[in-house]
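Coordinates in review
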Amino acid sequence: GRLYGPHYTVFVGPSGISRKTTALHFLRLLLLRATMGKLKIIGATGSGEAVKETLAFADCQGENERDDVRRLMNKRDLDALENLRPQRRIHIIQDEISGTFAKGKGDSATLVETLLEAYGCPLVLDLQTRKNSIFVWHPVLSVLGTSTPERLRRSLDISNWYDGLM
C-alpha cells in the first residue's frame, strides 16, 4: 500500500504582506482535492490526547469501521488493526501556530509531546485512559502552520532546538 511520511512546516513572515494565511488556505484546498476529501484536517487547539484519539479513527469509512477499530483496540489486537487499515493520517493546519509551541501552557504541553512522539513514525502510538485504550497503528501526523518572526521567537526557547521540535 501507500506510505505517507510526516512533514512539519511553518511559514514565517511579517503580518499582512507575506500572504502566509493565503498560502495556507490554498494548501488546505490542494490537500483536500488530492485526497478527494478523505484526509482528516484539524486545528492545533486540542491536547495531545485529543490528537491521538482523532488519529486513531481518522481514515475510518463510516461508523461500522469506527466500531470495529474500537473493538480491536479494546482487545489490544494490533495484528487485526494493521490488516483493517494499515495507516492512519491527519494534518494539523493552524494559522498562527506559535502559541501551540509554548511549553507548559494548558493542553499545549501534551500536544507538543505528541508532535515530537509522532514525528518519528512509531509503529504504534498509544494512549491509556480510564475508559479505553487507544492504539494508533502506523500514525502519520503532519503540521502546516503560520507565524510571524516575533511571535515565534516569544513562543520558543533553546530547549525546543534540543528536544527536536525545531
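Below is a short write-up of the structure. (Residues numbered from 1 in each chain as written. Predicted model: local features only at pLDDT ≥ 70, side-chain atom pairs only at ≥ 80, totals over all residues. Heavy atoms only, no water.)

1. A few points about the nonpolar core
Grouped together as the largest cluster of nonpolar side chains are 28 residues, with contacts concentrated most on V51, M73, I90, I92, F101 and L141. Residue assignment for this core shows that the elements contributing at least two residues are α2 (48-56), α3 (63-75), β3 (88-94), α6 (108-119), β4 (124-128), β5 (133-137) and β6 (139-147). Among the elements that take part in this core, α6 stands out by supplying four residues, more than any other. Setting aside anything within four residues of it in sequence, one finds F101 in contact with V10, V112, L115, L152, S155, L156, N160 and L165. The next biggest cluster of nonpolar side chains, apart from the first, holds six residues, and it includes L24, L39, I41 and L144. (Core = buried A, V, L, I, M, F, W, Y, C linked by side-chain atoms within 4.5 Å. Buried < 20%, exposed > 50% of the residue type's maximum accessible area, 1.4 Å probe, protein only. Helix = DSSP H or I, 4+ residues; strand = E, 2+ residues; numbered from the N terminus. Contact = heavy atoms within 4.5 Å.)

2. What about the environment of D59?
Inspection of the secondary structure assignment puts D59 in the loop between α2 and α3. Placed 29 residues apart in sequence, D59 and R88 show a C-alpha to C-alpha distance of 6.0 Å.

3. Section: the pairing of β4
Alternating residues of β4 divide into L125 and L127, all buried, and V124, D126 and Q128, none buried. Pairing analysis gives five bridges linking β4 to β5, with the strands arranged antiparallel. Each residue of the ladder has a partner; that of Q128, found in β5, is S133. In this structure, the hairpin formed by β4 and β5 is closed by a connection of four residues. (Pairing = 2+ DSSP bridges.)

4. Considerations on α2
Note that an α-helix has 3.6 residues per turn; residues three or four places apart therefore point the same way. Of all the positions in α2, only G48, V51, K52, L55 and A56 are classed as buried. For α2, the angular spread of buried residues about the axis comes to 135°, placing them on one side. (Arc of directions from axis to C-beta.)

5. Some thoughts on unusual backbone geometry
In this structure, R19 takes a positive phi of about 60° despite not being glycine. Mapped onto the elements, R19 comes out in the loop between β1 (8-12) and α1 (20-34). On the basis of relative accessibility, which here comes to 57%, the residue R19 falls in the exposed class. Here E96, not a glycine, exhibits a phi torsion of approximately 50°, which is positive. Here E96 lies in the loop between β3 and α5 (98-101).

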